[in-house]
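# Topology and contacts: notes
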Amino acid sequence: MTAAEITLLYETEEEYHALSEARAIFSQMGISFRDEAIPSMPSLGHLQGLMSRLGGAVCLWAAGRSAYLLPLLATTFGPHYPVIVMPCPTTTAPQPYLDTLLGVLRGLPVTFTLPHDARGAALLAVQWLATRHPSYADLLQAFLHKHTLQPV
């Protein structure tokens, strides 16, 4: 079994579904990914296990109710674990709550997208993979060309 290049993190079913477009993009590009559910009350052992399972994958986190874990995990990720946070405001995690949590992360190795911007988050994840190997840049350019987006 090969390691996934991208790990999709989420807690709730809403967060899981918010990543649907990202899954479709990765599948179209032939990029391996895996889903990683975060339990609503994770133990320290579970969080340590999560970190060991990442294996250097780019992480795309749909952060809604699970956003309270961001400060803890962001300080642990470090530069070897690129993290893209896609805010997913809901009634249980409204935008002001997420803004407060995300504000704490300034200066840490975390990148944010607009709320529910799975497409932008997916393309950013592929761009990060391209820094590791140029073949991902070719995949990204082909996808952008096919979908009539202009490269940045």
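Above this text you will find the structure in question.
Residues numbered from 1 in each chain as written. Predicted model: local features only at pLDDT ≥ 70, side-chain atom pairs only at ≥ 80, totals over all residues. Heavy atoms only, no water.

With that settled, the discussion passes to the state of the cysteines. With the rule as written, the count across this model stands at zero disulfides. Here Cys59 is not disulfide-linked; the sulfur of Cys88 is the nearest cysteine sulfur, at 15 Å. (Disulfide = S-S within 2.5 Å.)

All right, on to helix α2 (residues 20-29) then. Of the positions making up α2, those classed as buried are Ala22, Arg23, Ile25, Phe26 and Met29. Down the axis, α2 shows its buried residues gathered within 165 degrees of arc, on one side only. Residues of α2 that are buried make contact with β1 (6-10), α1 (13-18), β2 (33-37), β3 (58-63), α6 (118-130) and α7 (134-146). Just downstream of α2 lies Gly30, where phi reads positive at about 75 degrees. (Buried < 20%, exposed > 50% of the residue type's maximum accessible area, 1.4 Å probe, protein only. Helix = DSSP H or I, 4+ residues; strand = E, 2+ residues; numbered from the N terminus. Arc of directions from axis to C-beta. Contact = heavy atoms within 4.5 Å.)

With that out of the way, let us pick up the sheet that holds β2. Ordered in space as β2-β1-β3-β4-β5, the five strands form an open sheet in which the pairing is parallel. A single partner strand is all that each edge strand has here, and the edge strands are β2 and β5 (110-112). For this sheet the average axis-to-axis angle between neighbouring strands, irrespective of direction, equals 25 degrees. Strands in contact with α2 are β1, β2 and β3; relative to β2, the strand with the most contacts, it is inclined by about 155 degrees. In the packing of α6 onto the sheet, the strands contacted are β1, β3, β4 (83-87) and β5, and the crossing angle to β4 comes to about 175 degrees. (Pairing = 2+ DSSP bridges. Axes fitted to C-alpha atoms, helices over the stretch in contact; angles between N-to-C directions.)

Shape is all these values report; function is a separate question.
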